[in-house]
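# An overview of the molecular structure
As a plain string of letters, each chain reads:
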Amino acid sequence: MSYVVDFTEVSTVGLESSPVADALAGLRANEARYFTNKFDHTFTVEPASEASETVDWVHSVLKDERDIVIASRPLEATSFVVDGTRMAYVFYESGLSINVMYGLEDGKKRAVGFKLSDGMEVPEELASRFKFARQKSKLAGTIRGSFFVIKGEH
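Let me begin by describing the structure that accompanies this report. Predicted, not measured: the structure shown is a model, and the values here were computed from it. (Residues numbered from 1 in each chain as written. Predicted model: local features only at pLDDT ≥ 70, side-chain atom pairs only at ≥ 80, totals over all residues. Heavy atoms only, no water.)

### Some remarks on the environment of R28
We count it as follows: Secondary structure counts use DSSP, requiring at least four H or I residues in a row for a helix and at least two E residues in a row for a strand, with both numbered from the N terminus. Burial classes: relative accessible area under 20% of the type maximum marks a residue as buried, over 50% as exposed, and values in between as partly exposed (1.4 Å probe, protein chains only). We call two residues in contact when some of their heavy atoms are within 4.5 Å.
Of note, R28 is situated in helix 1 (residues 21–39). Residue R28 is classed as buried on the basis of its relative accessible area, which comes to 1%. Distance from R28 to Q135, taken between C-alpha atoms, is 15 Å for residues 107 residues apart in sequence. Once you skip the residues sitting within four places of it in the chain, R28 turns out to touch Y3, V5, S11, T12, V13, L15, F43, V45, E76 and F91.

Structure representation (structure tokens):
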């Protein structure tokens, strides 16, 4: 069952099993606010079990590009197209959020972004490979993020 993410009344619906559920809900709401304000897009997620195609695509990009396998269990995912770019998000039980931004036309931006919820440790599979910058968010507290550019076709 899909869930429209509300960024005015932040809820942990679907994220309750995360040890940092409140921070992860804030991170998810932060993304919803961005897409609503920038693209007038309603950010809707569904359980990872119902979004296996999206989860599999994100995981294949990670594996093919950087040989990364995420240890945490995916809780929710979403995929949509805005402004000629396919966006895919997976939210993990650990508090990690991964997004793939994939321009549909050749030459458009293509990247993978990682965001860590406030209070979580950097996952072992990412710790030695990426440096994480900090940003403040009213909805999510301190978000730590990193990214890499996608080189291949997916």
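### A look at the side chain of S18
Locating S18 in the fold gives a position in the loop between strand 1 (3–4) and helix 1. The class for S18 is buried, based on a relative accessible area of 5%. Ignoring anything within four residues of it in the chain, the contact list for S18 reads L24, L75, E93, S94 and G95.

### Considering the environment of I98
In this structure, I98 sits in strand 5 (residues 96–103). In this structure the C-alpha to C-alpha distance between I98 and A77, which are 21 residues apart in sequence, comes to 9.5 Å. When residues no more than four places from it in sequence are discounted, the contact partners of I98 are V58, L62, I70, A88, Y89, V90, Y92, V112, G113 and F114.

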